[in-house]
Amino acid sequence: MASRSLGGLGGNRGGGGGGGRKSLSARNAAVERRNLITVCRFSVKTLIDRSCFETIDDSSPEFNNFAAILEQILSHRLKGQVTWFGYESPRSFWDYIRVACRKVSQNCICSIENMENVSSSRAKGRAWIRVALMEKHLSEYISTALRDFKTTRRFYEDGAIVLGEEANMLAGMLLGLNAIDFSFCLKGEGLDGNFPAVIDYTPYLKFTQSSDSISSDEEELRTLGSSGSESSTPENIGPPFIMDENSWFNKCKRVKQKYQLTLEQKGYLEELLRLRENQLSESVTQNKILLQRIEDSDLAHKLEKEQLEYIIVELQDQLTVLKNNDLRSRQELTAHLTNQWPSPGALDVNAVALDTLLYRKHNKQWYEKSCQSLDQLSTEVSLSQTSLDPGQSQGDGKQDTLNLISGGKEDTPSLLGLCGSLTSVASYKSLTSLKSNDYLASPTTEMTSPGLTPS
């Protein structure tokens, strides 16, 4: 019975060993996440306190510790990169930032990738932390990357800080760093990516409020107590603190430092305001000059356009006048040619008849003159033949004279042309009505004989 009970107890212990390991690993992961977030909060507060007295640069131990803590947080449970051969190589948080922060407006991702003196992925991530702090956009980068949950799940394993509830706390803590002016050299030893970052926990093992700090824990407690509940009053906090002379001196010193810092910031802002006002006045003056130039250009353009329109209208009028003159000249030339050289179909029958009568009259006179001249010539020839050969008959002399005259005729081109003008259709139609006359017994014969052609 005892052995059975012991065996059962051992079985229960063995069965609960797996659950104990899981719970232990979960506890360790939770403690690790909590420690990193707590140390990060301490480092941010230390940076804010230190920034009141000096500029934060690479030589500041507070910044180096903060950069190491942030690097550890972003590298917590980061998945490795699987190669083609199935091996898993380590990966830097820069690979995640480069993909997840692309959506940030005016980001510095491309500038970090193009840096010549930064070659390794870890060194590029450290350079990104410094550039983001100088730009005062580190909280914006982290918030944008955490909102891209799909990319975050792809790069990190379960239990990572960026996948837990602590991620929202991280973005809120980093928001206070936007009030600090950082100055870093991107060619320093802090960008060496050959060695991992180591966190120094010694400043946070026993945290004491510095006397030079701007805010004290008591003031923060009062602020939180007054904002937490309306019914809380300063009397509910407890008995007043007993301050000695040193405490009052330290408090006055802190107030004086606050006043000096505020005064310096006021002077800086006033100087910046004057500079911006000067730039604004110059911009307004240049804007007025540009507007005046634009108005002058518009006016010149309008005048030039009106002149061109006037020139176009004038040219159109001139072109219309030239077209009318050309048309009128063509009509006059056509009318002149038509009147001077009428077409056969347009001849008037009465005009042709009149020309025919005039031609007959002139031809009759010419015929009478030619007959008289022939009679006179025949008489002279007969007389000469009688004187030379009295025995020759008079009839032979007349016959020779007629042969001589007829043999001396020839058709000239000028006569042929004039005769041809009477052979037109209109002339022929007008001449057919005159066939009964003696002179036009045969129109064809009369027109073609050169003896009847007028001189």
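Calculation rules
Residues numbered from 1 in each chain as written. Predicted model: local features only at pLDDT ≥ 70, side-chain atom pairs only at ≥ 80, totals over all residues. Heavy atoms only, no water. UniProt positions renumbered as here; feature names shortened; annotations may be inferred. pLDDT = per-residue confidence, 0-100. Contact = heavy atoms within 4.5 Å. Helix = DSSP H or I, 4+ residues; strand = E, 2+ residues; numbered from the N terminus. Buried < 20%, exposed > 50% of the residue type's maximum accessible area, 1.4 Å probe, protein only. Core = buried A, V, L, I, M, F, W, Y, C linked by side-chain atoms within 4.5 Å. Axes fitted to C-alpha atoms, helices over the stretch in contact; angles between N-to-C directions. Parallel < 35°, antiparallel > 145°, perpendicular 65-115°, else oblique. Polar contact = N/O pair within 3.5 Å; in protein donor to acceptor, adjacent residues only side chain to side chain. Left-handed = near helix turned anticlockwise from the far one by under 90°. Salt bridge = Lys/Arg side-chain N within 4 Å of Asp/Glu carboxyl O. Patch = residues over 30% accessible without salt bridge, like charges linked within 9 Å, V, L, I, M, F, W, Y side chains within 5 Å. Areas by Shrake-Rupley, 256 points an atom, 1.4 Å probe, with all protein chains shown as cover. Disulfide = S-S within 2.5 Å. Phe/Tyr/Trp six-rings, centres within 6.5 Å; stacked < 30°, edge-to-face > 60°.

Within an unreviewed UniProt entry, the label attached to the protein reads RUN domain-containing protein 3B, and the organism entered is Phocoena sinus. Comment text from UniProt for the protein, heading Subunit (unreviewed entry), reads "Interacts with RAP2A."

Attention now goes to the confidence of the model for the protein. Put simply, the protein has an average pLDDT of 74, and 62% of its residues get 70 or more. Overall, residues 1–16 carries pLDDT values under 50, and its contacts beyond four positions in sequence, including any with other chains, amount to 0 contacts.

A word on unusual backbone geometry. One non-glycine residue, Q106, lies in positive phi territory at about 55°. Counting through the fold element by element, Q106 comes out in the loop between α3 (93–100) and α4 (109–113). With phi around 60°, K136 is a residue other than glycine that occupies positive phi space. Take K136: it is sitting in the loop between α5 (121–135) and α6 (138–147). Judged by its relative accessible area of 29%, K136 falls in the partly exposed class.

Turning next to the nonpolar core. Core analysis: the largest hydrophobic core is formed by 57 residues, its most contacted members being F63, F66, W128, L133, L138, Y156 and L177. For this core, the secondary structure elements donating two or more residues are α1 (2–50), α2 (61–74), α3, α4, α5, α6 and α8 (166–174). In terms of residue count, α2 provides more of this core than any other element does, 8 residues in total. Beyond its immediate chain neighbours, meaning those up to four positions away, Y156 contacts L74, H76, R77, L78, K79, F93, Y96, V162 and L163.

Right, let's talk about the packing of α5 against α6 for a bit. Contact geometry of α5 with α6 gives a least axis separation of 7 Å together with a crossing angle of 120°. The orientation of α5 with respect to α6, classified from their angle, is oblique. Contact with α5, carried on its side by W128, A132, L133 and E135, involves L138, Y141 and I142 of α6 and no other residues of that element.

On to the side chain of T152. Turning to its location among the elements, T152 is positioned in helix α7 (residues 149–155). One polar contact links the side chain of T152 to the main-chain carbonyl oxygen of D148, over a distance of 2.9 Å. Not counting chain neighbours up to four residues away, the residues in contact with T152 comprise Y96, A145, L146, V162 and L163.

Let us look at α3. Burial within α3 is extensive, with 6 of its 8 residues counted as buried. Residues of α3 that are buried in the fold lie against α2, α4, α5, α6 and α7.

For the rest of this paragraph, the subject is the packing of α2 against α5. Packing of α2 against α5 leaves a shortest axis separation of 11 Å and a crossing angle of 120°. On the basis of their axis angle, the class for α2 and α5 is oblique. As α2 packs across α5, the resulting crossing turns out to be right-handed. Side by side, α2 and α5 meet where F63, N64, F66, A67, L70, E71 and L74 of the first sit next to R122, R126, W128, I129, R130 and L133 of the second.

Attention now goes to the pattern of salt bridges. For the coordinates displayed, the defined rule picks out 13 salt bridges. Among the salt bridges present, the one from E71 reaches R126, with a minimum N-O distance of 3.1 Å. Of this pair, E71 sits in helix α2 while R126 sits in helix α5; the two residues are 55 residues apart in sequence, bridging distant segments of the chain. Taking relative accessible area as the criterion, E71 reaches 8% and is therefore assigned buried.

Before going further, it helps to spend a moment on a nonpolar patch on the surface. On the surface, a nonpolar cluster with roughly 520 Å² of combined accessible area is contributed by L308, Y310, I311, I312 and L315. Mapped onto the elements, L315 comes out in helix α12 (residues 245–340). A relative accessible area of 49% means that L315 is categorised as partly exposed.

So, on to the state of the cysteines. One pass over the full model with this rule turns up 0 disulfides. A disulfide-free cysteine, C101 has its sulfur positioned 8.6 Å from the sulfur of C108, the nearest such atom.

Within the secondary structure, R33 sits in helix α1. Its relative accessible area of 15% is what places R33 among the buried residues. Setting aside its immediate chain neighbours within four residues, R33 contacts H76, G159, A160, I161 and E166.

A separate point is the environment of R77. Mapped onto the elements of the fold, R77 is located in the loop between α2 and β1 (81–82). It is 9.4 Å that separates the C-alpha atoms of R77 and V162, two residues lying 85 residues apart in sequence. Each residue touching R77, except ones within four places of it in the same chain, is listed here: Y156, E157, D158, G159 and A160.

We now examine the packing of aromatic side chains. Taken as a whole and assessed by the stated rule, the structure comprises 7 aromatic pairs. Look at Y96 and Y156: their rings are 5.0 Å apart centre to centre, the planes differ by 85°, and that puts the pair in the edge-to-face class. Of this pair, Y96 sits in helix α3 while Y156 sits in the loop between α7 and α8, and the two are 60 residues apart along the sequence. As far as burial versus exposure is concerned, Y96 and Y156 are alike and both buried. Clustering of aromatic rings is evident, with ring pairs tying together F63, F182 and F184.

The residue I112 is located in helix α4 in this model. Note on I112: relative accessible area 1%, which makes it buried. Sequence separation between I112 and R98 is 14 residues; the distance between their C-alpha atoms is 9.5 Å. Ignoring anything within four residues of it in the chain, the contact list for I112 reads W94, K124, A127, W128 and V131.

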